[in-house]
Amino acid sequence: MKVLVSALEVSANVHLKVLRAHLKDIEWLGIYEPIEPTDRPLFSPKTFSVMGFKEVFGKLFFFYQMLQKMRLLAQEADVILLMDSSSFNLPLAKRIKKKYPQKPIIYYILPQVWAWKSWRAKTLERYCDKLGAILPFELQHYSKKASYVGHPLLDEIAYYKDSHEGQGVVFMPGSRKQEIRALFPIFVEVAKTISQRRILVVPAHLQGSDLKALYGAEIDLFEISYNTHESLYQASFAFICSGTATLEAALIGTPFVLAYKAKALDFFIVKHLVKLTCIGLANIFYNALHQEPPGRGKTMLHQEFIQEDVNPANLLEVYTKMDRVHFVQEAKKLRDYLAKGSASQVATWIEEYRQKT
């Protein structure tokens, strides 16, 4: 059996690795990080690592070429698996379904239609055959084809805390160069005032890189870790760039504060396109738990600082005053809300299509 996969994000490839552990004797085609010696992806996801409207605009012709190549490659596949990255994967789904209407398309990790561009839900239902929602509240935006499959982080996290206690403070300034350049200098100033161990969590895919060239000489202030979950579990607190890591910290039970700085133009555009009261995934879920519109509610699990509000004084105030006992109690509710991991259900879908071929 051959599966064409489009996994452009680092997080999507982490989830894909867990999914593949449930599936045997499959040839993987497309865009993904290789795991086995026999893997021969068409392109590495690193090729697609761009951030911001200007960078994306500069690579539009490249993206168009990749869409054409993936559409051609789909001819060899029995099943199509699209993961996250709707700006690329939605146009890809259209091209493949129009060219090969009988080929089943699974979309796993749906775009955030609850936040903006709600019309994408109808597009997904038109061009895809199965939609794997990883957020329970996503289902209300679809009339058919969507199922809650669980959340992939519950397949991947092996450490859960019962108390806020721990050793050391974790700093996670993001995985992209732009994020690191914006946040790391501020995190350095925060770290200088903290007497506990200071652990810088570096994304695993950067292992072996010249970290001083990326982070700067002040990286020497920190212990280096490449294990996100273990480091969060052992720590007493964390300073985290917005993204999947904030949800990982919440599910593990480590108190944290979210910090995010984007380029001024990107922030201006997004601010006027997306009307949200919070951007952290844990807060978005926490809204839903309190019967509020996800991402537009008032009830927050943790504090968020964005743009000019990201400064050492604000971050240190949360570090000093946060009610850690309350945070851990409430974080447990998120685990109950998400209920289960998602890999086994998506693997079952692929196996069902295997039996039909």
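First, a word on scope: everything that follows refers to the structure included in this document.

What counts as what
- Once a new chain begins, its residue numbering starts again from 1 and follows that chain's sequence as written.
- Where local features are concerned, this predicted model is filtered to residues with pLDDT of at least 70; where side-chain atom pairs are given and counted, the filter is 80 or more; whole-chain, interface and lining totals use all residues.
- Where side-chain values are given, they derive from all heavy atoms of the structure, hydrogens and water being excluded.
- For each residue, the accessible area found with a 1.4 Å probe, counting protein chains only, is set against the maximum for its type, and the residue is called buried under 20%, exposed over 50%, and partly exposed in between.
- Numbering of helices and strands starts at the N terminus; helices are DSSP runs of H or I of at least 4 residues and strands are runs of E of at least 2.
- When the strands point away from the viewer and the path from the first strand over the helix to the second turns clockwise, the crossover is right-handed.
- In summary, the pairing rule links any two rings of Phe, Tyr or Trp, Trp by its six-membered ring, whose centres are within 6.5 Å, and it sorts them by plane angle into stacked for under 30 degrees, edge-to-face for over 60 and tilted for everything else.
- Geometrically, a charge over a ring is one whose NZ (Lys) or CZ (Arg) sits within 6 Å of the ring centre while staying within 35 degrees of the ring normal.
- A cavity here means a set of points on a 1 Å grid, drawn over the protein atoms and nothing else, where a 1.4 Å probe fits but cannot get out; a pocket is an open set with protein on both sides within 12 Å along at least five of seven lines, and a residue lines either one if it has an atom within 4 Å of a point.
- Grid points are joined across faces, edges and corners, and a volume is the space filled by probe spheres set on the points.
- Here, two residues are considered to be in contact whenever any of their heavy atoms come within 4.5 Å of each other.
- N or O atoms closer than or at 3.5 Å make up a polar contact, with two conditions inside protein: a donor-capable atom paired with an acceptor-capable one, and, for residues adjacent in sequence, both atoms drawn from side chains.
- Working convention: axes come from line fits to C-alpha atoms, limited for helices to the stretch in contact. Angles between N-to-C directions cover 0 to 180 degrees.
- A crossing counts as left-handed when the near helix is turned anticlockwise from the far one by less than a right angle, and as right-handed when that turn is clockwise.
- Any residue outside Ala, Val, Leu, Ile, Met, Phe, Trp, Tyr, Cys, Pro, Asp, Glu, Lys and Arg is labelled polar, Gly included; the first ten of those are nonpolar and the last four are charged.
- Here, a salt bridge means any side-chain nitrogen of Lys or Arg that lies within 4 Å of a carboxyl oxygen of Asp or Glu.
- Between any two strands, pairing holds if DSSP finds at least two bridges.

1. Notes on the pairing of strand β2 (residues 27–31)
Then comes step 1: In terms of burial, β2 is largely enclosed, as four of its five residues are buried.
Then comes step 2: Each parallel crossover has a hand, and for strand β1 (residues 2–7) linked through helix α1 (residues 10–20) to β2 it is right-handed.

2. Section: the packing of aromatic side chains
Then comes step 1: Counted under the stated rule, the structure contains 16 aromatic pairs.
Then comes step 2: Each member of the aromatic cluster is reached from another via a ring pair, and the members are F171, F184, F187, Y215, F222, F237, F239 and Y319.
Then comes step 3: For K103, the ring lying beneath its charged end belongs to Y100, and the centroid distance is 5.6 Å.

3. Side note on the layout of surface pockets
Then comes step 1: The calculated volume of the second largest pocket comes to roughly 310 Å³.
Then comes step 2: What lines the second largest pocket is a set of 16 residues, and nearest its centre among them are R20, I26, W28, E36 and D39.
Then comes step 3: Where the lining of the second largest pocket is concerned, the elements lending two or more residues are α1 and β2.
Then comes step 4: Of all the elements, β2 adds the most residues to the lining of the second largest pocket, at three residues.

4. Section: the environment of R354
Then comes step 1: Mapped onto the fold, R354 is located in helix α15 (residues 343–356).
Then comes step 2: We classify R354 as partly exposed; its relative accessible area is 22%.
Then comes step 3: With 352 residues separating them along the chain, R354 and K2 place their C-alpha atoms 9.2 Å apart.
Then comes step 4: Those residues in contact with R354 that sit more than four places away from it in its chain are M1, K24, D25 and I26.
Then comes step 5: At 2.8 Å, the side chain of R354 and the backbone oxygen of K24 are in polar contact.

5. Examining the packing of helix α3 (residues 60–73) against helix α4 (residues 86–99)
Then comes step 1: As a packed pair, α3 and α4 sit with axes 9 Å apart at the nearest point and diverge in direction by 40°. You can see that α3 and α4 cross each other, and the crossing is right-handed. Of the residues in α4, those in contact with F63, Y64, M66, L67, Q68, M70 and R71 of α3 are F88, P91, L92, R95, I96 and K99.
Then comes step 2: A breakdown of the residues in the contact of α3 with α4 according to their chemical character gives nine nonpolar, one polar and three charged.

6. Section: helix α10 (residues 244–252)
Then comes step 1: Taking burial as the measure, the nine residues of α10 include eight buried ones, the bulk of the element.
Then comes step 2: The set of residues buried in α10 consists of A245, T246, L247, E248, A249, A250, L251 and I252.
Then comes step 3: Trailing α10 by a residue or two, G253 shows a phi angle of about 105°, which is positive.

7. Observations concerning the pattern of salt bridges
Then comes step 1: Evaluated as defined, the whole model comprises 14 salt bridges.
Then comes step 2: In this structure, R197 engages E223 in a salt bridge whose closest nitrogen and oxygen atoms are separated by 2.9 Å. Of this pair, R197 sits in the loop between α7 (177–192) and β8 (198–201) while E223 sits in strand β9 (residues 223–225), and the two are 26 residues apart along the sequence.
Then comes step 3: On the basis of relative accessible area, R197 is assigned to the partly exposed category, the value being 39%.
Then comes step 4: Through salt bridges with shared partners, a single ionic network connects E9, R176 and E179.

8. Some points on the pairing of strand β7 (residues 169–172)
Then comes step 1: Residues of β7 alternate between two faces, with V169 and F171 on one and V170 and M172 on the opposite face, all of them buried.
Then comes step 2: Bridge analysis of β7 against β8 gives three bridges, and the strand direction is parallel. Bridge pairing in β8 places V170 opposite I199.
Then comes step 3: Considered for its hand, the β-α-β crossover made up of β7, α7 and β8 is right-handed.
Then comes step 4: Where β7 and strand β10 (residues 237–241) come together, four bridges link them in parallel fashion. What sits directly across from V170, in β10, is A238.

9. A closer look at the sheet that holds β9
Then comes step 1: Overall, parallel pairing links the six strands, which are arranged β9-β8-β7-β10-β11-β12 in an open sheet. With partners counted over all chains shown, the strands left at the sheet margins are β9 and β12 (304–306), one partner each. Across this sheet, the average inter-strand angle for adjacent strands is 20°, counted without regard to direction.
Then comes step 2: Where β10 lies against strand β11 (residues 256–260), four bridges are found, and the strand directions are parallel. Looking across to β11, one finds that C241 is bridged to A259.

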